[in-house]
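The primary structure of each chain is shown beneath.
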Amino acid sequence: MKLTFFGAAKAVTGSCHCVEVNGRKVLVDCGLQQGRDEQDNRELDFVPGYIDDVVVTHAHIDHSGRLPLLVKQGFSGNIYCTRLTAQLLSIMLRDSAQIQENDAAYENQKGKRAGRPPVEPLYTLEDVEKTLRHIVTCEYGWELDISDGIKIRFVDAGHLLGSACVEMWLTEQGFTKKIVFSGDIGNRKQPIIRSPQPITEADYVVTESTYGDRLHNVKEKPNYADDLARVIDETLAKGGNLVIPSFAVGRTQELLYFIREIKEQGLVDADPDFQVYVDSPLAGAATEIFSGDLTGYLDEEAVEHLRGGALFRFPGLNITESTGESRELNLDARPKVIISASGMCEAGRIRHHLKHNLWRPECTILFVCYQAVGTLGRILIEGIQEVRLFGETIDVRASIRTLAGLSGHADKDGLLEWVEGFEEKPRRGFVGHGEDSVCKAFTECLRMEHGINAYAPYSGTEFNLLTNKLEYEAEPIPVKKKARTVSDVFVRLMAAGQRLLAVIRKNEGGANKDLAKFADQINSLCDKWDA
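As the structure is a computational prediction, the values presented were derived from the model and not from experiment.

Comments concerning the overall build of the protein chain
Turning to step 1, where the next piece is worked out: For the protein chain, the helix and strand inventory stands at 15 helices and 23 strands.
Turning to step 2, where the next piece is worked out: For the protein chain, the residues scored as buried account for 54% of the 531 residues in total.
Turning to step 3, where the next piece is worked out: Within the protein chain, contacts between residues separated by at least 24 positions form 74% of all contacts whose residues are at least 6 apart in sequence.
Turning to step 4, where the next piece is worked out: Here the protein chain has roughly 24400 Å² of accessible surface; of this, 49% comes from carbon and sulfur atoms.

What follows is the structure in structure tokens.
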């Protein structure tokens, strides 16, 4: 009986764990690596054909995005998830495949001119369709025997529609151990989504730690609609666009919920009839799911309010489907609100909107999602002055802001509340799904302040659940840096130096008086920087 960590081990993305019981191997999640975590999404750390089944905690791509690659490379078992996770996977994986195909086509277009061999997409829409045929759905609270010695149950994690913690009972050699995988624990008192449901017993717990070293620092009763209205009003009053990078599923629906309130209460004076554009076909499809049959996933009052999608409809709301409609948004001079994916600005239409709005001081870029280290979103929040988008250097003159507390992830207190829900302390707690320093901090907190035998593994670590002992302790893997979307200022400086040399050569044979003046100017510049 063994647990192996394959992803999101001292990293925020690429969640993937493997449980082995009676010779059968079950993955919990198979997510895409993003930002600084990304090494090579094509390289799985196991043979897909040897995996018997997969259990998916929720539909976000960092937990599900490599499922089609798994199938493409030989996986033939079942993929278990909740009913609404399955519905969201059907649109999110198709969208991901389209991005993979478009990125490969773009790289091949450039590569052909440079004489490089063609690249293949990570997976295709055809791979996604095959993947969806492997899905088996169940509801919260059902106990399901998925194979000899392995039983699972999903519990609402309060993170995303259909998201779940996974309770797993493992039986081998006459011994039964219970392990709980947190998935992503949701923030408390969110609109639409229920708060995380407690689990009271486990021998082992694998917990996320995304915000394990910080609090959201929100008021006792936060009013997100007021805070968002203030940003909208200030930006429109300056004649600028408010651009909101947002995850198409979950966060976008929350924003629409708040904007409907803002419109109904007349909280924006600069333009009470302001236009809102959701520039993401995926977000439109997800909103349809949020407006469908949610029985068993929300409390009855919320289900009744959401029925028919009334909470997501208001005057001035526009869903843009085609790329042509998306382009036209940046040709329209009227101030507006643009909500677009992806939430971390690593792909999708949001990058085009950043290109057209980052350089405009009257505009605002408002971040409402977690930004992983190494992503364009994180770098913008950290204050970078210019970025490189679509071959152009773009100055960052727009106001860069965040909406405090609006998070789908529990903060440190929320995570501790979930962990403290266990009536008896687990034999061992494993901490992952957080930046290296955060994993270490939260692990130390669990050990020193809460008496839990906690450990933060690196990817590749193996643990024997029968003997409660490490079988193999992996070392950290150096991250292979990918090509940065951000301009390398030093490279620009070197290029400027090369240009200067070219200009000097061009002036050979010029008048001595002019050459002397030119030399004095260069020396003066050098004296300034050679301090």
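Picking up where we left off.
Section: the pairing of strand β1 (residues 2-7)
Turning to step 1, where the next piece is worked out: Of all the six residues making up β1, five are buried; the element is thus mostly covered by neighbouring parts of the structure.
Turning to step 2, where the next piece is worked out: Across five bridges, β1 lies against strand β2 (residues 16-21) in antiparallel orientation. Each bridged residue has a counterpart across the sheet, and for Phe5 the counterpart in β2 is His17.

Focus: the side chain of Ser407
Turning to step 1, where the next piece is worked out: Position of Ser407 relative to the elements: it lies in the loop between β19 (399-402) and α12 (412-419).
Turning to step 2, where the next piece is worked out: Within the structure, the side chain of Ser407 is placed 3.0 Å from the backbone nitrogen of His409, a separation counted as a polar contact.
Turning to step 3, where the next piece is worked out: Those residues in contact with Ser407, other than ones at most four positions away along the chain, are Asn187, Gln190, Tyr211, His216 and Arg251.

Describing the sheet that holds strand β21 (residues 454-455)
Turning to step 1, where the next piece is worked out: An order of β7-β8-β9-β10-β11-β20-β21 is seen for the seven strands of this open sheet, with the pairing classed as mixed. The open sheet has two free edges, formed respectively by β7 (143-147) and β21, since each of these has just one partner strand.
Turning to step 2, where the next piece is worked out: Note that strand β9 (residues 164-172) and strand β10 (residues 175-181) share seven bridges and pair antiparallel. Residue pairing in the sheet places Glu172 in a bridge with Phe175 of β10.
Turning to step 3, where the next piece is worked out: Its contacts with the sheet put helix α13 (residues 436-450) on β11 (204-208), β20 (428-432) and β21, and the angle it makes with β20 is roughly 160°.

Thoughts on the packing of aromatic side chains
Turning to step 1, where the next piece is worked out: The tally for this structure, following the rule as stated, stands at 10 aromatic pairs.
Turning to step 2, where the next piece is worked out: On the basis of an interplanar angle of 55° and a centroid distance of 5.6 Å, the ring pair of Tyr224 and Phe258 is categorised as tilted. In this pair, Tyr224 sits in helix α5 (residues 224-237) while Phe258 sits in helix α6 (residues 251-265), placing the two residues 34 residues apart along the sequence.
Turning to step 3, where the next piece is worked out: In this structure an aromatic cluster arises from ring pairing among Phe5, Tyr204, Phe430 and Phe463.
Turning to step 4, where the next piece is worked out: Taking NZ or CZ as reference, Lys151 lies 5.1 Å from the ring centre of Trp169, over its face.

So, the nonpolar core
Turning to step 1, where the next piece is worked out: In terms of nonpolar packing, the biggest core is built from 104 residues, with Leu27, Met168 and Leu228 touching the most fellow members.
Turning to step 2, where the next piece is worked out: Leave out the neighbours within four places in its chain, and Met168 touches Val19, Val28, Val55, Ile150, Lys151, Ile152, Lys177, Lys178, Ile179 and Phe181.
Turning to step 3, where the next piece is worked out: Counting residues in each nonpolar core, the second largest holds 22 residues, with Val155, Leu446, Ile452 and Ala454 among its members.

Things to note about the sheet that holds β2
Turning to step 1, where the next piece is worked out: In space, the eight strands of this open sheet follow the order β6-β5-β4-β3-β2-β1-β22-β23, with mixed pairing throughout. If you trace the sheet from one side to the other, it starts and ends with β6 (135-138) and β23 (469-472), each paired once. Within this sheet the neighbouring strands show an average axis-to-axis angle of 25°, counted without direction.
Turning to step 2, where the next piece is worked out: When β2 meets strand β3 (residues 24-28), the two strands line up antiparallel, connected through five bridges. Its bridge partner being in β3, Val19 is matched across the sheet by Val26.
Turning to step 3, where the next piece is worked out: This element, helix α3 (residues 83-114), spans β5 (78-82) and β6 of the sheet and lies at about 110° to β5.

A word on α3
Turning to step 1, where the next piece is worked out: Compared with an ideal rise of 1.5 Å per residue, which puts 32 residues at 46 Å, α3 spans 47 Å between its outermost C-alpha atoms and is within 8% of the ideal.
Turning to step 2, where the next piece is worked out: Along α3, the largest kink reaches about 30° and is centred on Leu89.
Turning to step 3, where the next piece is worked out: Looking at the residues trailing α3, positive phi occurs at Gly115, about 80°.

Brief notes about the confidence of the model for the protein chain
Detailed reading of the predicted coordinates is not advisable wherever pLDDT is low.
Turning to step 1, where the next piece is worked out: Across the protein chain, the average pLDDT comes to 88, with 89% of residues at 70 or higher.
Turning to step 2, where the next piece is worked out: pLDDT under 50 marks residues 479-488. Its contacts with residues more than four places away, or in other chains, come to 23 contacts.

Describing the pairing of β3
Turning to step 1, where the next piece is worked out: With antiparallel pairing between neighbouring strands as the criterion, β2 and β3 make up a hairpin whose turn holds two residues, including Asn22 at a positive phi of roughly 50°.
Turning to step 2, where the next piece is worked out: Here β3 pairs with strand β4 (residues 53-55) via three bridges, running parallel. Its bridge partner lying in β4, Leu27 is registered against Val54.

Looking at the pattern of salt bridges
Turning to step 1, where the next piece is worked out: Summed over the entire model, instances satisfying the criterion amount to 28 salt bridges.
Turning to step 2, where the next piece is worked out: Close ionic contact of Asp53 with Arg24 constitutes a salt bridge, the shortest N to O distance being 3.4 Å. Of the two residues, Asp53 sits in strand β4 while Arg24 sits in strand β3, which places them 29 residues apart along the sequence.
Turning to step 3, where the next piece is worked out: A relative accessible area of 3% means that Asp53 is categorised as buried.
Turning to step 4, where the next piece is worked out: Among the residues examined, Arg24 registers a relative accessible area of 29% and is labelled partly exposed.
Turning to step 5, where the next piece is worked out: Ionic pairing is found between Arg401 and Glu234, a salt bridge with its closest N-O pair at 2.7 Å. Taken as a pair, Arg401 in strand β19 and Glu234 in helix α5 lie far apart in primary sequence, 167 residues in all.

Description of α12
Turning to step 1, where the next piece is worked out: Taken together, the buried positions of α12 are occupied by Gly414, Leu415, Leu416, Trp418 and Val419.
Turning to step 2, where the next piece is worked out: Next to the buried residues of α12 lie β9, β10, β11 and α13.

Focus on unusual backbone geometry
Turning to step 1, where the next piece is worked out: Of the consecutive residues Ala341 and Ser342, the connecting peptide bond is found in the cis state with omega at 10°.
Turning to step 2, where the next piece is worked out: Within the secondary structure layout, Ser342 lies in the loop between β15 (337-340) and α10 (350-357).
Turning to step 3, where the next piece is worked out: Positive phi, close to 50°, is recorded for Asn22, a residue that is not glycine.
Turning to step 4, where the next piece is worked out: Counting through the fold element by element, Asn22 comes out in the loop between β2 and β3.

Each value, and the rule that gives it
Residues numbered from 1 in each chain as written. Predicted model: local features only at pLDDT ≥ 70, side-chain atom pairs only at ≥ 80, totals over all residues. Heavy atoms only, no water. Helix = DSSP H or I, 4+ residues; strand = E, 2+ residues; numbered from the N terminus. Buried < 20%, exposed > 50% of the residue type's maximum accessible area, 1.4 Å probe, protein only. Contact = heavy atoms within 4.5 Å. Areas by Shrake-Rupley, 256 points an atom, 1.4 Å probe, with all protein chains shown as cover. Pairing = 2+ DSSP bridges. Polar contact = N/O pair within 3.5 Å; in protein donor to acceptor, adjacent residues only side chain to side chain. Axes fitted to C-alpha atoms, helices over the stretch in contact; angles between N-to-C directions. Phe/Tyr/Trp six-rings, centres within 6.5 Å; stacked < 30°, edge-to-face > 60°. Lys NZ or Arg CZ within 6 Å of the ring centre and 35° of its normal. Core = buried A, V, L, I, M, F, W, Y, C linked by side-chain atoms within 4.5 Å. Expected span 1.5 Å × (residues − 1). Bend = angle between axes of the 7 residues up to and from the residue. pLDDT = per-residue confidence, 0-100. Salt bridge = Lys/Arg side-chain N within 4 Å of Asp/Glu carboxyl O.

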